[in-house]
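Reading the structure
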Amino acid sequence: MRKKTFILSAFFVLFSLAFWGCTSCPLCGRPYEQENQQISQPKDIKNLSGTVSCLQRIPVLATYELTIKLCYTEDITGNVKVVAEKTISNFNAFPVEFSLEYDNASLKEDSVYYVDAYVCSRGIKLLQADSKIEVLTRGARSVADVVLVRAEN
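Model, not experiment: these values are computed from the prediction.

What counts, and where the lines are drawn
- Throughout this document, residue positions are counted from 1 along each chain, in the order its sequence is written.
- Note on the predicted model: pLDDT of at least 70 is required for a residue's local features to be given, and 80 or more for side-chain atom pairs to be given and counted; whole-chain, interface and lining totals, by contrast, use all residues.
- Hydrogens and water molecules were not included; the side-chain quantities draw on all heavy atoms of the structure.
- To qualify as a helix, a DSSP run of H or I must reach at least 4 residues; to qualify as a strand, a run of E must reach at least 2; elements of each kind are numbered from the N terminus.
- Buried, partly exposed and exposed residues are distinguished by accessible area as a fraction of the type maximum, computed with a 1.4 Å probe on protein chains only: under 20%, between the cut-offs, and over 50%, respectively.
- Here, nonpolar core refers to any group of buried Ala, Val, Leu, Ile, Met, Phe, Trp, Tyr and Cys residues whose side-chain atoms link them within 4.5 Å.
- N or O atoms closer than or at 3.5 Å make up a polar contact, with two conditions inside protein: a donor-capable atom paired with an acceptor-capable one, and, for residues adjacent in sequence, both atoms drawn from side chains.
- Every residue pair with non-hydrogen atoms within 4.5 Å of one another is taken to be in contact.

Here we come to the overall build of the protein. Per the secondary structure count, the protein includes one helix and eight strands. Split into buried and exposed, the 153 residues of the protein put 29% on the buried side.

Turning our attention to the nonpolar core. Counting 30 residues, the largest nonpolar core has Val-52, Leu-66, Ile-68, Leu-70, Phe-94 and Leu-148 as its most contacted members. Counting residues per element, this core draws most heavily on strand β2 (residues 64-73), which supplies five residues.

Let us look at the side chain of Thr-67. Locating Thr-67 in the fold gives a position in strand β2. In terms of polar contacts, Thr-67 uses its side chain to reach the side chain of Thr-87, at 3.4 Å. Those residues within four positions of Thr-67 in sequence are excluded, and the remaining contacts are Glu-85, Lys-86, Thr-87, Asp-116, Ala-117 and Tyr-118.

Bringing the side chain of Asp-103 into the picture now. Positionally, Asp-103 belongs in strand β4 (residues 96-103). Within the structure, the side chain of Asp-103 is placed 3.2 Å from the backbone nitrogen of Ala-105, a separation counted as a polar contact. Beyond its immediate stretch of four places on either side in the chain, Asp-103 contacts Lys-43, Asp-44 and Ile-45.

On to the environment of Ser-131. Checked against the element boundaries, Ser-131 lands in the loop between β6 (124-129) and β7 (133-135). Separated by 14 residues in the primary sequence, Ser-131 and Ala-117 have C-alpha atoms spaced 9.5 Å apart. For Ser-131, the side chain forms a polar contact with the side chain of Asp-130, separated by 3.5 Å.

None of the figures reported here should be taken as evidence of function without further support.
And the structure:
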């Protein structure tokens, strides 16, 4: 009877280890190695704040959505990469204050970061930023004041 209990217990332990894995091997004591284990860097979360305004007096409708993006352009390919993005859909008037969280540890000092913003209504871009506001690196500030103009369609 003891032999059956021992065999069943051993089978259960081996099955559990094979099914769930372990942190260290019970047979040799070495650490269990997992495939595709990625070492993550500690995050340094910071905020980029600012306002979005429009010089023209326009009524703000309930269907308007304001999207603000923190972006940078890759030097080699010229592709635009978005670092942080926020969409605000319940605003009543301009100026609109915003705050974007970003990981400061992931920023590249040699890249130029900028804020882009636009207003859409039912998938149609109505307003867009009149220029790219440089922020964060190369002595730029961590506050952005974006001005919107009518979008060119």
